[in-house]
Amino acid sequence: MLEEQEISSSSSYEDPQENEDSQKGQQGFVSDFLARLEHFTWANYTFPMSTGGLALLLAEQTQGIIFPGLQTIGKVVYIFDLVAFTLVTAAIIYRFVKFPGTLKASVTHPTEALFLGTSTLSLASIIAGIARYGIPSCGPWLVVVYRVLFWIYFLITFAIAVGQYSLLFTSPLLRIQDMTPAWDLPIFPFMLSGTVASSGAAFQPPNEAVPMIIGGLTAQGLGMCISIMMYGELPVGPPSFTSLAIIGLANDFPQYYNYFGADSVTIQILRVIATFASIFIWSLSLWFFCISVVANLAVRKQLTFHLNWYAYVFPNVGFTITIIALGKNLRSQGAMAVGSAMTLLLVAMWIFVFIHHVKAIINREILFEGKDEDVYVNEKKHAHVKPNKSVSDIEKEA
């Protein structure tokens, strides 16, 4: 009995020390993680960007082949996207507040600044998701909110695109031999105004829907043209989302004006032209999709995780939704089935990338000194260039 009491008293004596050590360990982990947020770059918005795209893809209104519970799954993913966007925003605000000078550095850095557009691309997915999940469940007030958000998004993303290209192209650190598809990113958010318009114009009153459709088409056309001029080899995204926007905007055109004659005839002609034009443009994204698959499979053993892996998901969301939309317009069950199969593949790809994202954070492959977009990457030699080097030093290394 005495021995039991001694053991009991000994255990109670050691417990506080163990708890104290545990608390210190937890505090050390938190402080270490918060210190690593100095390298929390704009590229982290690729996570909520692709998650929001997946939520749009899983909506019943998007899919051609549906089943009970699909809309609920989409809502869960959409809510998760809202949480992810909030956490990423909180983390990057913490970085800018805790580490003075990082905000200015991030928007002028030749690599990181290119990813500024992913933050507004994430917003595009969220706004478009309102049309898929919010408006059907809420009152007409959300229709007005959607319209206001669209025009705010339209104006802000255009201003950012003009300002960012003007700033980046005057930087001596951004060189033509280091051009990558990321140079298209500043115009992408404005281009997706077309996708946002095509998602919500159908809910708007006719006198409000037409300006939204025209604005969306203008943004989509400008974004597509700049992508072609900016980078000869287009990524999958621009032609995919352009095809999607053209179909959606044509389908949403209201019977209201009779400007070109009877609206019933005009809309029918408009939808036919839109469908064939979309196929014409979508074929380009099909080509680059196939080239990208072959290229990535060829170097699969050499790939290491970077946040741009989420590009395996987001551009292909537009590619897949376009296949489904074309299938609906052409009444092709085969095309819709292909779209549904690709949806499953994209869900699997998102899970794959997300797992590697978590592992990369744990293993300090990202969010660590020299491992993120706040370090300039020389594309010609694939070498990391310290930002504190002079322009002449960087030119010598090129």
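Just so we're clear, the structure is a prediction, and the values are computed from it rather than from any experiment. (Residues numbered from 1 in each chain as written. Predicted model: local features only at pLDDT ≥ 70, side-chain atom pairs only at ≥ 80, totals over all residues. Heavy atoms only, no water.)

Novice: How should the overall build of the protein chain be read in this particular structure?
Specialist: Helix and strand content of the protein chain: 14 helices and two strands. The proportion of buried residues among the 398 residues of the protein chain is 47%. If you take every contact in the protein chain between residues at least 6 apart in sequence, the share linking residues at least 24 apart comes to 76%. In the structure as shown, the protein chain presents an accessible area of about 19900 Å², 68% of it carried by carbon and sulfur atoms. (Helix = DSSP H or I, 4+ residues; strand = E, 2+ residues; numbered from the N terminus. Buried < 20%, exposed > 50% of the residue type's maximum accessible area, 1.4 Å probe, protein only. Contact = heavy atoms within 4.5 Å. Areas by Shrake-Rupley, 256 points an atom, 1.4 Å probe, with all protein chains shown as cover.)

Novice: Help me understand the side chain of His357, please; the structure alone is not making it clear to me.
Specialist: Looking at where His357 falls in the secondary structure, it is placed in helix H13 (residues 333–362). His357 sits in the buried class, given a relative accessible area of 6%. His357 has contacts with Asn44, Phe47, Phe305, Leu307, Tyr310 and Ile366, leaving out every residue within four places of it along the chain.

Novice: Honestly, unusual backbone geometry in this entry has me stumped. Any pointers?
Specialist: In terms of backbone geometry, most residues other than glycine have negative phi values and most peptide bonds are trans. Positive phi, close to 55 degrees, is recorded for Arg331, a residue that is not glycine. In this structure, Arg331 sits in the loop between helix H12 (314–329) and H13. Relative accessible area serves as the criterion here: at 78%, Arg331 is assigned to the exposed category. At Arg364, a residue that is not glycine, the phi angle is positive and equals roughly 60 degrees.

Novice: What is the right way to look at the side chain of Ser193 in this model?
Specialist: Along the polypeptide, Ser193 turns up in helix H8 (residues 193–200). Among residues more than four places away in sequence, those in contact with Ser193 are Phe150, Tyr153, Phe154, Thr157, Gly216 and Ala219.

Novice: I would appreciate a short explanation of the pattern of salt bridges in the present structure.
Specialist: Between side chains of opposite charge, a pair can form as their charged atoms come close. Overall, the coordinates contain one salt bridge when judged by the stated rule. Across the pair Glu208 and Arg147 runs a salt bridge, and its minimum N-O distance is 3.5 Å. With Glu208 in helix H9 (residues 206–230) and Arg147 in helix H6 (residues 141–168), this pair connects stretches of sequence that are 61 residues apart. What makes Glu208 partly exposed here is its relative accessible area of 27%. (Salt bridge = Lys/Arg side-chain N within 4 Å of Asp/Glu carboxyl O.)

Novice: For this particular structure, what's the right way to read the packing of helix H3 (residues 70–98) against helix H5 (residues 117–134)?
Specialist: The description of two helices packed together rests on the angle between their axes and the distance between the axes. The interhelical angle for the contact between H3 and H5, taken along N-to-C directions, is 145 degrees, at an axis separation of 11 Å. Seen along the crossing, H3 lies across H5 with a hand that is left-handed. Touching Gln71, Gly74, Lys75, Tyr78, Asp81, Leu82 and Phe85 of H3 are Ser119, Ser122, Leu123, Ser125, Ile126, Gly129, Ile130, Arg132 and Tyr133, all from H5. For the contact of H3 with H5, the class distribution of residues is seven nonpolar, six polar and three charged. (Axes fitted to C-alpha atoms, helices over the stretch in contact; angles between N-to-C directions. Left-handed = near helix turned anticlockwise from the far one by under 90°. Nonpolar A, V, L, I, M, F, W, Y, C, P; charged D, E, K, R; others polar.)

Novice: Before we go on, may I ask you to explain the confidence of the model for the protein chain in this structure?
Specialist: Any residue range with low pLDDT should be treated as having predicted coordinates unsuitable for detailed reading. With 83% of its residues at a pLDDT of 70 or more, the protein chain has an overall mean of 83. Overall, residues 1–14 carries pLDDT values under 50, and its contacts beyond four positions in sequence, including any with other chains, amount to zero contacts. With pLDDT under 50 throughout, residues 379–388 is counted as low confidence; its partners more than four residues away or in other chains account for 22 contacts. (pLDDT = per-residue confidence, 0-100.)

Novice: Teacher, can you tell me more about the environment of Ile291 here?
Specialist: Note on placement: Ile291 falls in helix H11 (residues 263–298). A relative accessible area of 36% means that Ile291 is categorised as partly exposed. Along the backbone, Ile291 and Pro235 are 56 residues apart, and their C-alpha atoms lie at a distance of 10.0 Å.

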